[in-house]
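Notes for the structure review
The residues making up each chain are set out below.
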Amino acid sequence: ERELNANLDGNIRSIGFGGYDYQNIILKGDFQKKLFNGLVSINDPNLKVEYLKGSIDLSGKNPQFAFDANLTTANLKKLKLTIDDFTLAGRFNLNFTGSNIDNFLGTASVSEASLSHNGKPLSFNSLVLQSSIVNEQKYLTLRSNEIDADITGSFKIIELPEAFKVFLNRYYPAYIKKPSYQVSDQNFSFLIKTKEADPYIQLLDKKLAGFNNSTITGNLNLKANELNVNADVPLFSYDGKVFNDIRLAGRGNLDSLLTNIDVGEIVVSDSLRFPASNLIFSSKNDISDISIKTRASKTFGDAAINAQVKTLKDGVKIHFFPSSFIINDKKWQLERDGELTLSKSEVSASEVKFIQGNQQIIISTEPSELYNSNDVVVKLQQVNMDDFVPFAFKQPRLEGKITGTVRIMDPFGKQFIESETRIEEFRLDGDSIGVVNGNATFSAATGKARFKLDAENKDNRFKIEGSFNSKDSTDSQLDVSLISERLNLSILNSYLGSVFSNISGIANTTDLKVRGNTKHLLLTGTANINEGSVKVLYTQCRYTFTNETIIFNPDEIDFGSIRLQDTLNNTATLSGKMYHRFFQNFVFDDIVFESDKLLVLNTTKKDNSQFYGKVIGN
């Protein structure tokens, strides 16, 4: 073999490799004494290489590569190299020895490059990978558009994940398994700096974003039992939850791991933010002592949560120590130590109780009637809705004191939630409704929620029944019906406030339905109004009406013909239609007031300093 001399000049029509048949390969070159010099070009439908020229030397301990290549295009998905659709092009220059990344020495670079993912260009122009050994220390560096990385010392890239597992197994043995073989001694330091890395981060997980302009440094020394990690991340988000200005410091030894995390702000939603948060984890042998502190914001006050978490194979066991948090200037406290176990094999709670004055939230477990595991039961007593609802949404504004039970069945499987509650002093956007009883169910498997509300009060006697499917985006996503014997019209002020104000009165019978999806809701049905009054914003004139029917068609309010009376006992007839998109973007169609004598303007200087007064006309 050492004396083999061969001259190659041919066209390979097709050759299979890695499950793909490469076509139209032209090969020219000489093979002498384990040294190949030559030229290769490929004209495959999914791989076009204009040229690949250089040499491969197989005479030494490790092969040596020295060649240039011009890659016109490569469709990596069709070549069965990637799952997603990636397209790559660029000029390659390779000058290194080695058969794998761990004996790689030299330089490999890409220039004048382009890379796209699912047809969208990614920021990628060049990449340089270099490896060298100086004074028995190995230096591996990576330089590209959006990330720079350095690793220095004694290491094996192929074993790096297992090396970290050696350490993490000491702290979380139930969750992280120890490598099945003896990992070689590794002693190295690392430095990673990112630029605009967000597009590449989202390739790992579509829910993950950010990590631009971040720095991560540290070192690992297996023989000395030392692990250090420091990170400075300006921003990252996961599934819509945003974390700003993160600083992490982790210190591990043979016995324990101490992690300190400072976060400038955690944004859960527009309504819920946690500023200046500090998290401290002290972990060893599956036990972690956790301390969480956060400063006050407009919605959530100071919090100090202390707990001990035991890592299980399929979940966690949490023991709460004295803790407290402040919401709307009200201090909630954990009444006594409590314990909560959440795993696929066991769900249990020893009545974890949070109290604030007369308010109580109690978390416990009970044997399930339908499943093999326990149900998680949350009991609410006189809990102020207006303290918690704004964390989920601001409009409509819901207020009241809620008492009842929420039961979560099969919490680690196909979750099914049912609730039965009673709300006292219930108010919708400031308008008093009274006492409302309700029950609801939600299936995580189907994404469907069903609910019933029943109000029996002096001015409000109604029933609401409906469903919402979070996994359905069609017109059947939401289906709600409202039937009332008596309904106070003041609740319409929040919806018709851009046209009318001071809406008041009573609807004696109402049969309405709301259907559609969250992007386009349709209101249909009729409302028979026994007595009502309304003020027109533009004119400030108040009109009253009795025993009238208003018809709601899709995106339309049909007044029919309504007899009105002004504050001077003059009468008029109103007819016409008003179009809307669920009480937004109003458009009027042939709205007609007819009267021989009617108050048509009743403004003051406060309404319009340039044009105001009282006008009676026909």
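Attention here is on the structure that accompanies the text. Note on numbering: residues in each chain are counted from 1, in written sequence order. In keeping with the model being predicted, local features are shown solely for residues with a pLDDT of at least 70 and side-chain atom pairs are shown and tallied solely at 80 or more, while totals for entire chains, interfaces and linings include all residues. Note that water and hydrogens are dropped before the side-chain values are worked out from all heavy atoms of the structure.

**A closer look at helix α1 (residues 160-171)**
- By the criteria applied, helices consist of DSSP H or I runs no shorter than four residues and strands consist of E runs no shorter than two, each listed in order from the N terminus. How far a helix is expected to stretch is found by multiplying one less than its residue total by 1.5 Å. Taking 1.5 Å of rise per residue, the 12 residues of α1 would be expected to cover 16 Å, and the 18 Å separating its terminal C-alpha atoms lies within 8% of that figure.
- Taken together, the buried positions of α1 are Leu160, Glu162, Ala163, Val166, Phe167, Asn169 and Tyr171. Burial here depends on accessible area, computed with a 1.4 Å probe over protein chains only, as a share of the maximum for the residue type. Under 20% is buried, over 50% is exposed, and the range in between is partly exposed.

**Points about the packing of aromatic side chains**
- Any two of the Phe, Tyr and Trp rings considered here, Trp counted by its six-membered ring, make a pair once their centres fall within 6.5 Å; the pair's planes then place it as stacked at under 30 degrees, edge-to-face at over 60, or tilted in between. One pass over the structure, following the stated rule, counts 13 aromatic pairs.
- Taking the centre distance of 6.4 Å and the plane angle of 75° together, the rings of phenylalanine 164 and phenylalanine 188 count as edge-to-face. In this pair, phenylalanine 164 sits in helix α1 while phenylalanine 188 sits in strand β12 (residues 187-194), placing the two residues 24 residues apart along the sequence.
- Relative accessible area serves as the criterion here: at 27%, phenylalanine 164 is assigned to the partly exposed category.
- Note on phenylalanine 188: relative accessible area 3%, which makes it buried.
- Judged by centre distance (4.9 Å) and plane angle (10°), the ring pair of phenylalanine 236 and phenylalanine 243 falls under stacked.
- Ring-pair connections join several aromatic residues into one group, and the members of that group are Phe65, Phe67, Phe96 and Phe104.
- Here, a charge over a ring means that NZ of Lys or CZ of Arg falls within 6 Å of the ring centre while also lying within 35 degrees of the ring normal. Lying across the ring of tyrosine 51, lysine 53 places its NZ or CZ 5.2 Å from the centre.
- The ring of phenylalanine 167 carries arginine 170 above its face, with NZ or CZ at 4.4 Å from the centroid.

**Quick notes on the pattern of salt bridges**
- Salt bridges, as used here, are contacts in which a Lys or Arg side-chain nitrogen is within 4 Å of a carboxyl oxygen on Asp or Glu. For the structure on display, the rule yields 14 salt bridges.
- Residues aspartate 245 and arginine 247 are paired through a salt bridge, measuring 2.9 Å at the closest nitrogen-oxygen approach.
- For aspartate 245, a relative accessible area of 36% translates into the label partly exposed.
- Lysine 577 is the salt-bridge partner of glutamate 556, the closest N and O atoms lying 3.8 Å from each other. With glutamate 556 in strand β38 (residues 556-566) and lysine 577 in strand β39 (residues 571-579), this pair connects stretches of sequence that are 21 residues apart.
- We classify glutamate 556 as buried; its relative accessible area is 10%.
- One connected set of salt bridges, linked through shared partners, spans Glu366, Asp375 and Arg407.

**Some points on unusual backbone geometry**
- A positive phi is found at alanine 276, a non-glycine position, where the angle reads about 45°.
- Tracing the backbone through its elements, the reader meets alanine 276 in strand β18 (residues 273-284).
- Given the relative accessible area of 25%, alanine 276 is considered partly exposed.
- Of note in the backbone geometry, glutamate 425 takes a positive phi value of approximately 55° without being a glycine.
- If you trace the backbone, glutamate 425 turns up in strand β30 (residues 416-428).

**Quick word on the side chain of serine 490**
- For serine 490, the location among the structural elements is in the loop between β34 (478-488) and α4 (493-496).
- Accessibility expressed as a relative area gives 14% for serine 490, which makes it buried.
- Any two residues whose heavy atoms approach within 4.5 Å are treated as being in contact. Serine 490 has contacts with Asp431 and Ile503, leaving out every residue within four places of it along the chain.

**Notes on the environment of glutamate 346**
- Structurally, glutamate 346 is set in the loop between β24 (338-343) and β25 (347-349).
- Overall, the relative accessible area of 37% leaves glutamate 346 in the partly exposed class.
- For the pair glutamate 346 and glycine 315, spaced 31 residues apart in sequence, the C-alpha separation works out to 8.7 Å.

Bear in mind that shape data such as this cannot, by itself, settle questions of function.
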